[in-house]
Amino acid sequence: MGDKNKNPYHCFPLEKEDDDRQFSPSSQRNGPHILTVLKKHFPAHGTVLEIAAGTGQHAVMFAPEFPNLTWLPSDPAADKRKSIGAWMKIKPSENLLPPVALDAAATKWPVENMKLEPPVRAIICVNMIHVAPWRAGQGLLAAAGRILPKGGILYLYGAYKVDGEYTAPSNKDFDETLRKTDPEWGLRELREVEREAEKNRLFLKDVVDMPANNLSVVFQKI
Ligand SMILES: C[S@@+](CC[C@H](N)C(=O)[O-])C[C@H]1O[C@@H](n2cnc3c(N)ncnc32)[C@H](O)[C@@H]1O
C-alpha cells in the first residue's frame, strides 16, 4: 500500500463490483493542463490515435473537446481497455472509437492495416515512455514517422531529464523509484528523444513546462 501511494500514476478500481472503470488521480489532475496545449497544436480534422490510454479518463475528457476529430484510444493491457470501454459507457462521445490493443514497441502497429477514415493526423502519448522499456519509446517514434502525414503532430507528456539534468529533485527520486521497479524504466533524456524523433522525420515544435515538473513535448512530421 505504501509503495502504491508513492507511485504518482497509481490507479485503482472504482467501488462497484460490476464497474470496470479504473481511476487515476494524476490523470484527472493533469488532463485540463494537457488540454490547453492540445488546443494549440492539434489539427482541425483527422483521427487522433491515443497510445497508452490507461484508464480512459483522458479519452472521455478530451474527445468531446474536439468534435471535428475522431479519437481512437489504445492500450496493450486488457484491463485498461475494459476500463476505457466502461468510461465510454458513462461518458459517451460520438467521435470516440472503442479501444484497440496496441503495443508501442511492435515493429508494425495494428492501426497500419485499419485504413482509418479520416486518417491519423495526430498521436498522443501521456506518461508512457518512462514507464516502459526504451524500445517502446523507439517504437512510438518510428510508428509516428510511418503513420503521420506531413504536418502531423506527435504529442508527448511526462517527466524528462534535460541536458543530463533532472529538472527538479522530485524527478530524481521518481527516476530512482521507476528504475527500482524495472531497470528498463526511467526518465528519458529529452535530447535523446529528440534525436530518435529526427531519425523518423519528426521535428521538435514546442516544449511546454507543465505542473509537477512535467513537460509537454510536441513534434511535427516534415
Ligand atoms: C502511467 S500509465 C499512463 C496511462 C494514461 N496515459 C494516463 O496518463 O493516465 C502507463 C500506461 O502505459 C501502458 N503501456 C505500458 N507499456 C506499453 C507499451 N509498450 N505500449 C503502449 N502502452 C504501454 C500501460 O498499459 C499503462 O496504461
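A quick note: this is a predicted structure, and the numbers were derived from the prediction, not measured.

Undergrad: Honestly, the pairing of strand S6 (residues 153-158) in this entry has me stumped. Any pointers?
TA: Successive side chains on a regular strand alternate, one facing one side of the sheet and the next facing the other. Burial analysis of S6 places 6 of its 6 residues in the buried class, which makes it a mostly covered element. Where burial is concerned, the two faces of S6 agree: the one with Ile153, Tyr155 and Tyr157 and the one with Leu154, Leu156 and Gly158 are both buried. Pairing analysis gives 5 bridges linking strand S5 (residues 120-126) to S6, with the strands arranged parallel. Bridged to cysteine 125 within S6 is leucine 156. One crossover worth recording links S5 to the parallel S6 by way of helix H5 (residues 134-147), and it is right-handed. Bridge count for S6 against strand S11 (residues 214-221) is 6 bridges, and the pairing is antiparallel. Following the sheet pairing, tyrosine 155 is matched in S11 by valine 218.

Undergrad: It is not clear to me how helix H6 (residues 169-181) should be interpreted in this structure. Could you clarify?
TA: The α-helix winds at 3.6 residues per turn, so residues separated by three or four positions along the chain end up facing the same way. Taking 1.5 Å as the rise per residue, H6 with 13 residues should run 18 Å; its terminal C-alpha atoms sit 19 Å apart, in good agreement. The set of residues buried in H6 consists of Asn171, Phe174, Asp175 and Leu178. Seen end-on, H6 carries its buried residues on one side only, within an arc spanning 105°. In H6, those exposed residues whose orientation departs by more than 90 degrees from the buried face are Pro169 and Lys180. As for H6, its buried residues are in contact with strand S7 (160-162) and strand S8 (165-166).

Undergrad: What am I meant to see in the packing of H5 against helix H7 (residues 190-199) here?
TA: Helix-helix packing is described using two parameters, namely the angle between the two axes and the distance between the axes. Where H5 contacts H7, the two axes come as close as 9 Å, and the packing angle between them is 40°. Comparing their axes, H7 and H5 come out oblique. Handedness of the H5/H7 crossing: right-handed. For the pair formed by H5 and H7, the contact residues are Trp134, Gln138 and Leu141 on the first element and Glu192, Val193, Glu196 and Ala197 on the second. Considering only residue class, the contact of H5 with H7 consists of 4 nonpolar, 1 polar and 2 charged.

Undergrad: Which parts of the structure should I look at to understand the site of the ligand?
TA: In the vicinity of the ligand lie 18 residues, with Ser27, Ala52, Asp75, Asp103 and Ala104 positioned nearest. A distance of 2.8 Å separates a nitrogen atom of the ligand from a polar atom in the side chain of aspartate 103. For the ligand, whose accessible area on its own is 600 Å², the fraction buried by protein is 84%.

Undergrad: In this structure, what is going on with the sheet that holds S7? I would like to understand it.
TA: Sheet strands pair by backbone hydrogen bonding; their relative direction is either parallel or antiparallel. Ordered in space as S8-S7-S9, the 3 strands form an open sheet in which the pairing is mixed. Here the strands that pair on one side only, and so sit at the sheet edges, are S8 and strand S9 (188-189). Pairing between S7 and S8: 2 bridges, direction antiparallel. Bridge pairing in S8 links lysine 161 to tyrosine 166.

Undergrad: I tried to follow the pattern of salt bridges on my own but got confused; where do I start?
TA: In a structure, side chains of opposite charge can pair up when their charged atoms sit close to one another. Summed over the entire model, instances satisfying the criterion amount to 11 salt bridges. Note that aspartate 206 and lysine 40 form a salt bridge whose closest N and O atoms lie 3.2 Å from each other. Of this pair, aspartate 206 sits in strand S10 (residues 202-210) while lysine 40 sits in helix H2 (residues 25-41), placing them 166 residues apart in sequence. Taking relative accessible area as the criterion, aspartate 206 reaches 16% and is therefore assigned buried. On the basis of relative accessible area, lysine 40 is assigned to the exposed category, the value being 60%. Salt-bridge contacts for glutamate 112 lead to arginine 146; the nearest nitrogen and oxygen are separated by 2.7 Å.

Undergrad: In this structure, what is going on with the sheet that holds S5? I would like to understand it.
TA: Across the sheet, which stays open at both edges, the 6 strands sit in the order S4-S3-S5-S6-S11-S10 with mixed pairing between neighbours. Each edge of the sheet is formed by a strand with only one pairing partner; in this case those strands are strand S4 (69-73) and S10. Shown here is a sheet whose adjacent strand axes are inclined to one another by a mean of 20°, direction ignored. Contacting S4, S5, S6, S10 and S11, H2 runs over the sheet at an angle of about 140° to S10.

What counts and what doesn't
- Residues numbered from 1 in each chain as written.
- Predicted model: local features only at pLDDT ≥ 70, side-chain atom pairs only at ≥ 80, totals over all residues.
- Heavy atoms only, no water.
- Buried < 20%, exposed > 50% of the residue type's maximum accessible area, 1.4 Å probe, protein only.
- Helix = DSSP H or I, 4+ residues; strand = E, 2+ residues; numbered from the N terminus.
- Pairing = 2+ DSSP bridges.
- Right-handed = clockwise from strand over helix to strand, strands pointing away.
- Expected span 1.5 Å × (residues − 1).
- Arc of directions from axis to C-beta.
- Contact = heavy atoms within 4.5 Å.
- Axes fitted to C-alpha atoms, helices over the stretch in contact; angles between N-to-C directions.
- Parallel < 35°, antiparallel > 145°, perpendicular 65-115°, else oblique.
- Left-handed = near helix turned anticlockwise from the far one by under 90°.
- Nonpolar A, V, L, I, M, F, W, Y, C, P; charged D, E, K, R; others polar.
- Near = heavy atom within 4 Å.
- Polar contact = N/O pair within 3.5 Å; in protein donor to acceptor, adjacent residues only side chain to side chain.
- Areas by Shrake-Rupley, 256 points an atom, 1.4 Å probe, with all protein chains shown as cover.
- Salt bridge = Lys/Arg side-chain N within 4 Å of Asp/Glu carboxyl O.

In short, geometric facts, not functional conclusions.
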